[in-house]
Amino acid sequence: MGGILALAVVAICIWSTDASVHEYVHEHFVGQGNAYIFFGGSEGIYASTSNANRSGIGNGRSYIRFDHSVTFTRTEEAAAKHAASEHKSGLVQAVVFDVADRDLLGGSLYGGHLALCCTPDLARDVGCNQGEVILRHNPENAGSPKAINVFFRGNDLTTTMGVEEVKITKSGMYILYFVYCDPQLDGLMIDGKTVWKNPHGYLPGRMVALMTFYGFMSLAYLALGLVWFLQYSRFWKDILQLQNWITLVIGLGMTEMSFWYFDYANFNIRGGRPMGITIWAVTIGALKKTIARLLVLVVSMGYGVVRPTLGGLTSKVLLLGTTYFAALETMDVVEHVGRIDEMSNKTRLLLVLPVAILDAFFILWIFNSLSKTLEKLQARKLVVKLELYRRFTNSLTLAVIASVAWIGYEASFSLSFLYFKASDPFGENWQNAWVISAFWNVVSFLLLCVLCVLWAPSQNSMRYAYSDESTEKFDEDEAVGLTTGTLKNSFDIEKAVLKPDKEKKFGLDDTEEDKQE
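- Under an unreviewed UniProt entry, the protein chain has the name GOST seven transmembrane domain-containing protein and belongs to Selaginella moellendorffii.
- According to the UniProt record, the Subcellular location (unreviewed entry) comment for the protein chain is "Membrane".

Here is the structure:
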C-alpha cells in the first residue's frame with residue numbers, strides 16, 4: 001500500500017492536468033502490489049455551494065463526471081476464458097477519493113503489508129468483498145472514497161461505463177484511479193474522458209486565483225501605461241532611446257496579462273484551453289521577459305547614459321537574448337499549449353535547466369556591468385548619475401534577494417508536496433500554488449516600476465543621456481533631477497569636480513572602451 005501511495009504522489013506531480021476534461025486514449029494499466037492501476041487524474045476541487053441549483057457554468061455545483069465514452073477493452077485471450085452466457089465476467093472499478101482519505105484505502109492482516117485488493121484471507125478477517133478494492137467510507141465526506149463498478153458481460157471484448165457523476169461536498173485534492181484486481185484482465189486498455197467541474201466553472205481549483213490575478217495585473221499594467229504615456233506624450237521631444245524600450249516592455253506586459261486572463265476565462269467556460277490564445281500569451285510573455293532582461297542588462301552597462309553604444313558587446317547581448325527567448329518559448333509552449341497534463345519531472349528538468357542557467361548568466365553579467373558602471377561614474381565624479389545608478393542597484397539587489405528566498409520556499413513547497421512532509425500538503429497547498437506563478441510576475445512588474453520612476457520622461461531627460469566632456473560643463477542652478485522632475489542641475493556637481501587633466505588618469509574614454517570591447 002505504501003507503494004500505491006507513492007504512486008499517487010508521483011502521479012499528481014506528473015499527471016495533474018491543466019484542463020477539466022481528462023482524455024484517455026489506448027492507455028494501459030500498471031501493476032502495483034496486488035492491483036492493476038491506471039491513474040485517471042487529480043485536481044483540486046472546491047465543494048459545491050449551498051445555492052448549487054443556479055443555471056449556467058458557474059452554478060455552484062462541483063463534480064467528477066464519467067461520460068458514456070469511458071470504454072474498457074480486454075484482450076481476446078482474456079475474453080475467450082469466459083462463456084457468452086456469463087452475466088459478470090470481469091470487474092473494473094473507478095475509485096475517487098480525497099487524498100486526505102488515503103488511509104481509508106487498502107487493508108492488511110495483523111499489521112502486515114497493505115493490499116489494495118481484497119484477498120480471500122482479507123475477506124474473511126476484514127469483511128471486504130473479494131476481488132474488489134478495499135475502502136472504508138468517510139462519514140464526513142460522502143463522496144470519498146467512492147468506487148463505481150463496471151462489469152464485462154460474457155465474452156465481450158469491450159464494456160462501457162454509464163453516465164456517472166460523483167458530487168463533491170468537501171473541498172480537497174481529489175484523485176481518480178481505474179483499478180482491476182483480476183490478473184486475467186492483464187492487457188486491459190482504457191479510452192474515453194472524464195469531466196471535472198468546480199463551483200465557478202471548469203477551471204481547475206488551483207487556477208481560479210490565477211485568473212483573478214491576471215485580471216488585476218492587466219489593470220496594474222494599464223494604470224502604469226497610462227501614467228507613463230502621459231509623461232511620454234508631454235516630453236516626447238526629449239525622449240531617450242532607453243525610454244522607448246521601457247514603453248515597449250509596458251505594452252508587452254499589458255498584452256501578455258490580458259491574453260492570460262482571456263485564456264483562463266475561456267478555459268473556465270469551455271473546459272479546455274484555446275490553443276490560439278495560449279500560443280499568443282506564451283509568445284508575448286517570452287518576448288516581454290527577454291526584452292525586460294536585455295533592458296536591465298544594457299541599463300547596467302550604462303548604455304545611453306555613460307556610453308553611446310554597446311560597441312563589440314552588441315552581438316553578444318543579442319546572442320544571449322535570442323538564446324534565452326528560444327529556451328523560454330520552448331519551455332512555455334511544451335508546458336501550456338495543447339496540454340491536458342503537466343510535464344513529467346524529467347521533461348521539466350530538461351526544459352527548465354537551460355532557462356535557469358541563462359537567468360543566472362544574466363544576473364552575473366548585470367551585476368558585473370553595474371559594478372563597472374558605478375566605478376566609472378565614481379571615478380569621473382558624475383555624482384547625479386552615480387546616485388541614480390546606486391538606487392537602481394539597490395532595487396535590483398532587493399529583487400534578487402527576494403527571488404533567491406522565494407526559490408528556497410518553492411523548493412520546500414515542492415518537497416513537502418512530494419513526500420508528505422507538510423501537515424496537510426494535499427489539502428491546502430493546491431489552493432496556494434498560484435502564488436508561486438504570481439510571485440515572478442509581481443517581481444517583474446515592480447522592477448519595471450523602478451525603471452519607470454528612475455528614468456521617467458521629463459523636460460531634462462536628454463541631460464542624462466551620454467555626452468562628451470565638453471557638453472557636461474554647465475551652471476549649478478540649472479540641473480533638473482530625473483527622478484523628481486524638480487529643478488536641480490544634474491551637471492552642476494559634475495562640473496565642480498570634473499577636471500580634464502584628472503579625467504585622463506582614469507583609463508580609456510567611452511569611445512575607446514567601446515572600440516576595445
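**What to know about the confidence of the model for the protein chain**
Here comes step 1: Counting all residues, the mean pLDDT for the protein chain is 77, and 76% of those residues have values of 70 or more.
Here comes step 2: Low pLDDT (under 50) marks residues 413-427, which in the prediction has 28 contacts with non-local residues, meaning those over four places away or in another chain.
Here comes step 3: Counting interchain partners and residues more than four positions distant, the pLDDT-below-50 stretch residues 469-517 has 99 contacts.

**Regarding the packing of aromatic side chains**
Here comes step 1: Tallied over the entire structure, the rule returns 24 aromatic pairs.
Here comes step 2: Centre to centre, the rings of Tyr261 and Phe262 are 5.6 Å apart; their planes meet at 75 degrees, and the pair counts as edge-to-face.
Here comes step 3: Considering the side-chain rings of Tyr324 and Phe362, the 5.5 Å spacing of their centres and the 90 degrees angle between planes classify their relative orientation as edge-to-face. Taken together, the residues Tyr324 in helix α7 (residues 314-336) and Phe362 in helix α8 (residues 345-379) connect sequence positions 38 residues apart. For the pair formed by Tyr324 and Phe362, the shared burial category is buried.
Here comes step 4: The rings of Tyr24, Phe29, Tyr36, Phe38, Phe66, Phe72, Phe178 and Tyr180 are connected pair by pair, giving a single aromatic cluster.
Here comes step 5: Here Lys88 stacks its cationic end above the ring of Phe151, 4.4 Å away from the centre of that ring.

**Details of a nonpolar patch on the surface**
Here comes step 1: Taken together, the side chains of Phe216, Leu219, Leu222 and Leu226 define a hydrophobic patch exposed on the protein surface, amounting to about 420 Å² of accessible area.
Here comes step 2: When you line up the elements, Leu226 lands in helix α4 (residues 205-234).

**Considerations on the nonpolar core**
Here comes step 1: Ile246, Tyr264, Leu297, Val317, Phe392, Leu448 and Trp455 are the most contacted members of the largest nonpolar core, which has 64 residues in total.
Here comes step 2: If you list the elements that add at least two residues to this core, you get α4, α5 (241-270), α6 (275-300), α7, α8, α9 (383-419) and α11 (434-454).
Here comes step 3: No other element matches α6, which puts 12 residues into this core.
Here comes step 4: For Leu448, the residues in contact, after removing those within four places along its chain, are Tyr221, Leu224, Ile246, Val249 and Ile250.
Here comes step 5: One finds Val150, Tyr174, Phe178 and Trp196 within the second-largest nonpolar core, a separate group that totals 25 residues.

**Let's talk about the state of the cysteines**
Here comes step 1: Tallied over the entire structure, the rule returns two disulfides.
Here comes step 2: The disulfide that involves Cys117 links it to Cys181, with 2.0 Å between the sulfurs. Its torsion about the S-S bond being -85 degrees, the disulfide of Cys117 and Cys181 is classed as left-handed. In this pair, Cys117 sits in the loop between β6 (91-98) and α3 (120-125) while Cys181 sits in the loop between β10 (172-180) and β11 (189-197), placing the two residues 64 residues apart along the sequence.
Here comes step 3: Residue Cys117 is classed as buried on the basis of its relative accessible area of 3%.
Here comes step 4: What makes Cys181 buried here is its relative accessible area of 12%.
Here comes step 5: Sulfur-sulfur distance for the disulfide between Cys118 and Cys128 comes to 1.9 Å. Taking the sign of the S-S torsion, about 75 degrees here, the bridge from Cys118 to Cys128 comes out right-handed. In this pair, Cys118 sits in the loop between β6 and α3 while Cys128 sits in the loop between α3 and β7 (146-151), placing the two residues 10 residues apart along the sequence. In this pair, the class of Cys118 matches that of Cys128, namely buried.
Here comes step 6: Counting only the cysteines that take part in disulfides, in the order they occur along the protein chain, gives the pairing 1-4, 2-3.

**A short note on the pairing of strand β3 (residues 35-45)**
Here comes step 1: Burial within β3 is extensive, with 10 of its 11 residues counted as buried.
Here comes step 2: For strand β2 (residues 30-32) and β3, the ladder comprises three bridges, and the chain directions are antiparallel. Note that in β3 the partner of Val30 across the bridge is Ile37.
Here comes step 3: In sequence, β2 turns back onto β3 through a hairpin of two residues, with Gly33 there showing a positive phi of about 65 degrees.
Here comes step 4: Summarising the sheet, β3 and β10 pair through nine bridges and their orientation is antiparallel. In the strand pairing of β10, Glu43 is matched with Tyr174.

**Overview of the packing of α5 against α11**
Here comes step 1: Where α5 meets α11, the axes come as close as 11 Å, and the angle between the chain directions of the two elements is 150 degrees. As the angle between them shows, α5 and α11 are arranged roughly antiparallel. Considering how the two elements wind past one another, α5 and α11 form a crossing that is left-handed. Of the residues in α11, those in contact with Ile246, Val249, Ile250 and Met257 of α5 are Asn441, Leu448, Leu451 and Cys452.
Here comes step 2: Tallied by class, residues from the contact of α5 with α11 come to seven nonpolar, one polar and no charged.

**Description of the sheet that holds β3**
Here comes step 1: Taking strand neighbours across the sheet as the criterion, the five strands line up as β2-β3-β10-β6-β7 in an open arrangement whose pairing is antiparallel. One side of each edge strand has no neighbouring strand; the edge strands of this open sheet are β2 and β7. The average angle at which neighbouring strand axes cross in this sheet is 35 degrees, direction not considered.
Here comes step 2: Summarising the sheet, β6 and β10 pair through six bridges and their orientation is antiparallel. Residue pairing across strands places Phe97 opposite Ile175, the latter belonging to β10.

Scoring rules and cut-offs
- Residues numbered from 1 in each chain as written.
- Predicted model: local features only at pLDDT ≥ 70, side-chain atom pairs only at ≥ 80, totals over all residues.
- Heavy atoms only, no water.
- UniProt positions renumbered as here; feature names shortened; annotations may be inferred.
- pLDDT = per-residue confidence, 0-100.
- Contact = heavy atoms within 4.5 Å.
- Phe/Tyr/Trp six-rings, centres within 6.5 Å; stacked < 30°, edge-to-face > 60°.
- Helix = DSSP H or I, 4+ residues; strand = E, 2+ residues; numbered from the N terminus.
- Buried < 20%, exposed > 50% of the residue type's maximum accessible area, 1.4 Å probe, protein only.
- Lys NZ or Arg CZ within 6 Å of the ring centre and 35° of its normal.
- Patch = residues over 30% accessible without salt bridge, like charges linked within 9 Å, V, L, I, M, F, W, Y side chains within 5 Å.
- Areas by Shrake-Rupley, 256 points an atom, 1.4 Å probe, with all protein chains shown as cover.
- Salt bridge = Lys/Arg side-chain N within 4 Å of Asp/Glu carboxyl O.
- Core = buried A, V, L, I, M, F, W, Y, C linked by side-chain atoms within 4.5 Å.
- Disulfide = S-S within 2.5 Å.
- Pairing = 2+ DSSP bridges.
- Axes fitted to C-alpha atoms, helices over the stretch in contact; angles between N-to-C directions.
- Parallel < 35°, antiparallel > 145°, perpendicular 65-115°, else oblique.
- Left-handed = near helix turned anticlockwise from the far one by under 90°.
- Nonpolar A, V, L, I, M, F, W, Y, C, P; charged D, E, K, R; others polar.

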